[in-house]
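# Chain and residue survey
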Amino acid sequence: MKAGGENLFGRSRLRMTMIYSAAMAMVLFVLIFVVHETMEWSITSEQARELMNMATAVAEGQDYLNRHPGAALDDSMDFSKSNNDQLFYYVFDDDGRLVNFSRASFHIEPFILDVLADWDASEGEVSVYTQKGEGGVKGAKIMMTARRVFDANGAMVQTVYVGKDVTAMYRGLSKSTYALSFISVIALIFAMCIGHILSGKTMQPLKEAYEKQRQFAADASHELRTPLAVVMASADLLAQDPSIQSPFLKQVIDDVRDEVKKMTKLVSELLVVARSDNKALKLRPTKFDLAGVIEQTVRVMSPLAGQKNVTIAAGDLPKTEIHADEQKIRQLVLIFVDNAVKYTPEGGHVVVRLAGDKDHVRFSVQDDGIGIAPEDQKRIFDRFYRVDKARSREMGGNGLGLAIAQEIVELHKGSIHIDSAPGKGTKFTITLRRKIRAGKA
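Everything numeric in this text was worked out from a predicted model, so none of it was measured. (Residues numbered from 1 in each chain as written. Predicted model: local features only at pLDDT ≥ 70, side-chain atom pairs only at ≥ 80, totals over all residues. Heavy atoms only, no water.)

### Regarding the environment of Asp-95
Here Asp-95 shows up in the loop between β1 (87–93) and β2 (98–102). By relative accessible area, Asp-95 is classed as exposed at 55%. With 62 residues separating them along the chain, Asp-95 and Val-157 place their C-alpha atoms 8.8 Å apart. (Helix = DSSP H or I, 4+ residues; strand = E, 2+ residues; numbered from the N terminus. Buried < 20%, exposed > 50% of the residue type's maximum accessible area, 1.4 Å probe, protein only.)

Okay, here's the thing in structure tokens:
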């Protein structure tokens, strides 16, 4: 595939790959989030269950000691003998005095005492508390719950706080999530490569069909030029034949000539488009005055504008020398001025302006015609697209002019800006480089 078609399918393939990659990235993100949350829930729920069991055991043991002063707990009820050094508990009476404990690590005990001082969780609730890190070091995480101890009369006499240092568990969970994220990134890159390959294979039949259509348009346009030229020459001869006096025959001949002219213009534009698709359009830059080109175009279009009572004003344009393909720039200016005249009602005005700086030149063509709706502005440069189809046929339009104009502007590395609204006219502003190098489109 050559030319603009290659760019078109290349962009489409890239767009398909990006959409597929974005969808895969979203799926992986959701998957990582769900896996992380599921792992955290499963681990923390087991830790919470262990804490609640331990809290119940400590509370029962403390109740036993309260009822039997001086007695000793057996191993099944003595929480202090647990071989899990991450577990700890503190027992306070109703006056806030510490009556029993199994201390936590001295590194986190100040943090635990701060948590207990601000304790507001309800009984049986398991909460996770995070210590703020300092100097770039991550803080600890503890999981705690509480149980109350009541006397024989049902009055609360003590509160048991049981906790566990779960810092290592959360750090392990974070590492597993990071590892899963890394693996997902690798998988996403792999999926992008596979998606790009598959999208290329998907586009191949479309590219082949497009190439056949493009080749057909080029061949048909080229082959039609000769018979159209013969028909036009024959019509001219018949129009000059003095033996034909019938008004009806003369009208038929004139109609044939008009239709052949329209067909010749369409074939020429199709050939330009086909050459553009085939990257056969070449730049032949020369140095010329853009103001002179615009003024000449205005003079050529003035009789046609006069038939519609439309005024074309170019003003006193400053001399503006550029290095570009003069023939194509003339065609570009003609397309926009011709378009403005066509779509400007009787009594309207068309104004052409020219300005520039050191590196770029800008010329604008403004009319007070029918205007272009916002939804049409995105498509007016598409081939064969016409905003007002009935009016375009009436005026001989075929929807290729602006498409060719865009090809010329892109060939010169320029840009086109549209400022328009229905019923308020249209202004096209074309920006071109002052100097362009020779080469192919």
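More follows now that the structure is in view.
### Details of the nonpolar core
With 44 residues, the main nonpolar core has Leu-290, Ile-294, Leu-332, Phe-363 and Phe-428 as its most contacted residues. Elements that contribute at least two residues to this core include exactly α5 (290–307), β9 (321–324), α6 (326–342), β10 (349–356), β11 (360–367), α9 (401–411) and β13 (426–433). With eight residues, α6 is the single largest residue contributor to this core. The contact partners of Phe-428, leaving out residues within four places of it in the chain, are Phe-336, Phe-363, Ser-364, Val-365, Ile-372, Ile-380, Phe-381, Leu-402, Ile-416, His-417 and Ile-418. Listed in part, the 17 residues of the second largest apolar core include Ile-112, Leu-116, Tyr-129 and Met-144. (Core = buried A, V, L, I, M, F, W, Y, C linked by side-chain atoms within 4.5 Å. Contact = heavy atoms within 4.5 Å.)

### Concerning the packing of aromatic side chains
One pass over the structure, following the stated rule, counts five aromatic pairs. Ring centres of Phe-92 and Tyr-161 lie 6.0 Å apart, and the angle between their planes is 70 degrees; on these two criteria the pair is classed as edge-to-face. Of this pair, Phe-92 sits in strand β1 while Tyr-161 sits in strand β5 (residues 156–165); the two residues are 69 residues apart in sequence, bridging distant segments of the chain. Arranged with centres 5.4 Å apart and planes meeting at 75 degrees, the rings of Trp-119 and Tyr-161 form a pair that is edge-to-face. Separated by 42 residues along the polypeptide, Trp-119 in the loop between α2 (109–117) and β3 (127–130) and Tyr-161 in strand β5 bring together distant segments of the chain. Grouping residues by exposure puts Trp-119 and Tyr-161 together as buried. Through pairs of rings, three or more aromatic residues link up here, namely Phe-92, Trp-119, Tyr-129 and Tyr-161. The ring of Tyr-170 has Lys-141 lying over it, and the distance from NZ or CZ to the ring centre is 5.0 Å. (Phe/Tyr/Trp six-rings, centres within 6.5 Å; stacked < 30°, edge-to-face > 60°. Lys NZ or Arg CZ within 6 Å of the ring centre and 35° of its normal.)

### So, the environment of Gln-327
Counting through the fold element by element, Gln-327 comes out in helix α6. Spatially, the C-alpha atom of Gln-327 lies 9.7 Å from that of Thr-286, the residues being 41 residues apart in sequence.

### Some details on the sheet that holds β1
The strand order β2-β1-β5-β4-β3 describes an open sheet built from five strands, whose pairing is antiparallel. For this open sheet the edge positions go to β2 and β3, each flanked by a neighbour on one side alone. Here the average twist between neighbouring strands, direction ignored, is 25 degrees. With four bridges joining them, β1 and β2 adopt antiparallel strand pairing. From the neighbouring strand, Phe-92 faces β2, where its bridge partner is Leu-98. In this fold α2 packs onto β1, β3, β4 (141–150) and β5, with an angle of close to 50 degrees to the strand it touches most, β4. (Pairing = 2+ DSSP bridges. Axes fitted to C-alpha atoms, helices over the stretch in contact; angles between N-to-C directions.)

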